[in-house]
Amino acid sequence: MKNLSKSLAVALCFALVAPCIAFAETEADTQTTDVEYVVAESYEWTVPAETVDADGGELAVSVTKNVIAANHSLVITVASQNSWYLVDATEATNKLAYTITPQGGSAWNTDAILTVSAGTNTGSVTGIGAVTKAAVEKAGTYKDVLTFTASVDSNN
């Protein structure tokens, strides 16, 4: 009986170890998962809310937040309603040419006046108004409307 118990014990041991050995010989089971973080594109920019004096007044444009895709730029452009003329409110034929020019730069036109690249959080430019006065001035209130546009452009 002692031998039978020993034989039974050895058989029982193999029965318990065999599944472990079989399991250890199989290939590992792997699974994957993606991890992501999305940064939404956003930007904030400002232009003067008040009327700016066309002769000597400062017109500041600024970008205070710039979260855009890599290899892109936030581009601010400006357009003049009256093709860079101040028009008399009561007599539209009375016009005065004017410019807005940043210090050390070229007069603003429809080209970009401010470009802020991705990875740069802020930017600003200040233009100074200058009116080309007529040889004979006519009294009146002369105005123009500037329209600023912001767009995200590819640097490619």
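The sections below set out a description of the structure shown in this document.

The rules behind the values
- Residues numbered from 1 in each chain as written.
- Predicted model: local features only at pLDDT ≥ 70, side-chain atom pairs only at ≥ 80, totals over all residues.
- Heavy atoms only, no water.
- Salt bridge = Lys/Arg side-chain N within 4 Å of Asp/Glu carboxyl O.
- Helix = DSSP H or I, 4+ residues; strand = E, 2+ residues; numbered from the N terminus.
- Buried < 20%, exposed > 50% of the residue type's maximum accessible area, 1.4 Å probe, protein only.
- Phe/Tyr/Trp six-rings, centres within 6.5 Å; stacked < 30°, edge-to-face > 60°.
- Polar contact = N/O pair within 3.5 Å; in protein donor to acceptor, adjacent residues only side chain to side chain.
- Contact = heavy atoms within 4.5 Å.
- Pairing = 2+ DSSP bridges.

1. Remarks on the pattern of salt bridges
Piece 1. Tallying each qualifying case throughout the model produces one salt bridge.
Piece 2. In this structure, Asp55 and Lys133 form a salt bridge, with 2.7 Å as the shortest nitrogen-oxygen distance. Taken together, the positions of Asp55 in the loop between strand S1 (42-46) and strand S2 (58-67) and Lys133 in the loop between strand S7 (123-131) and strand S8 (142-143) put the pair 78 residues apart, joining distant regions of the chain.
Piece 3. When its relative accessible area of 36% is taken as the criterion, Asp55 is described as partly exposed.

2. Things to note about the packing of aromatic side chains
Piece 1. Scanning the entire structure with this criterion turns up two aromatic pairs.
Piece 2. For the ring pair Trp84 and Tyr98, a centre distance of 5.5 Å and an interplane angle of 55° mean the geometry is tilted. Residue Trp84 is located in the loop between strand S3 (72-80) and strand S4 (85-88), and its partner Tyr98 is located in strand S5 (residues 95-102); the two are separated by 14 residues in the primary sequence.
Piece 3. When its relative accessible area of 15% is taken as the criterion, Trp84 is described as buried.
Piece 4. Exposure remark for Tyr98: the relative accessible area of 6% places this residue in the buried category.
Piece 5. With a centroid separation of 6.4 Å and 90° between ring planes, the pair formed by Trp108 and Phe148 is classed as edge-to-face. With Trp108 in the loop between S5 and strand S6 (112-117) and Phe148 in strand S9 (residues 146-154), this pair connects stretches of sequence that are 40 residues apart.
Piece 6. By relative accessible area, Trp108 is classed as buried at 5%.

3. Details of the side chain of Asn66
Piece 1. Structurally, the position occupied by Asn66 is in strand S2.
Piece 2. Here Asn66 falls in the buried class, since its relative accessible area comes to 4%.
Piece 3. A distance of 3.4 Å separates a polar atom in the side chain of Asn66 from the backbone oxygen of Val116.
Piece 4. Once residues lying within four places of it in the same chain are set aside, the contact partners of Asn66 are Ser42, Tyr43, Leu74, Val116, Ser117, Ala118, Thr120 and Asn121.

4. Describing the pairing of S7
Piece 1. Side chains Gly123, Val125, Gly127, Gly129 and Val131 project from S7 onto a buried face, and the interleaved Ser124, Thr126, Ile128 and Ala130 project onto a face without burial.
Piece 2. Here S2 runs beside S7; their pairing, made up of six bridges, is antiparallel. For Leu59, the partnering residue across the bridge sits in S7 and is Gly127.
Piece 3. The pairing of S5 with S7 spans five bridges and is antiparallel. By the bridge assignment for S7, Thr99 is matched with Ala130.

5. A short note on the pairing of S4
Piece 1. Relative to S5, S4 runs antiparallel, the two sharing three bridges. Following the sheet pairing, Leu86 is matched in S5 by Leu96.
Piece 2. In the sheet, S4 pairs with S8 via two bridges, with the strands oriented antiparallel. In the sheet register, Val87 faces S8, and the bridge partner there is Lys143.

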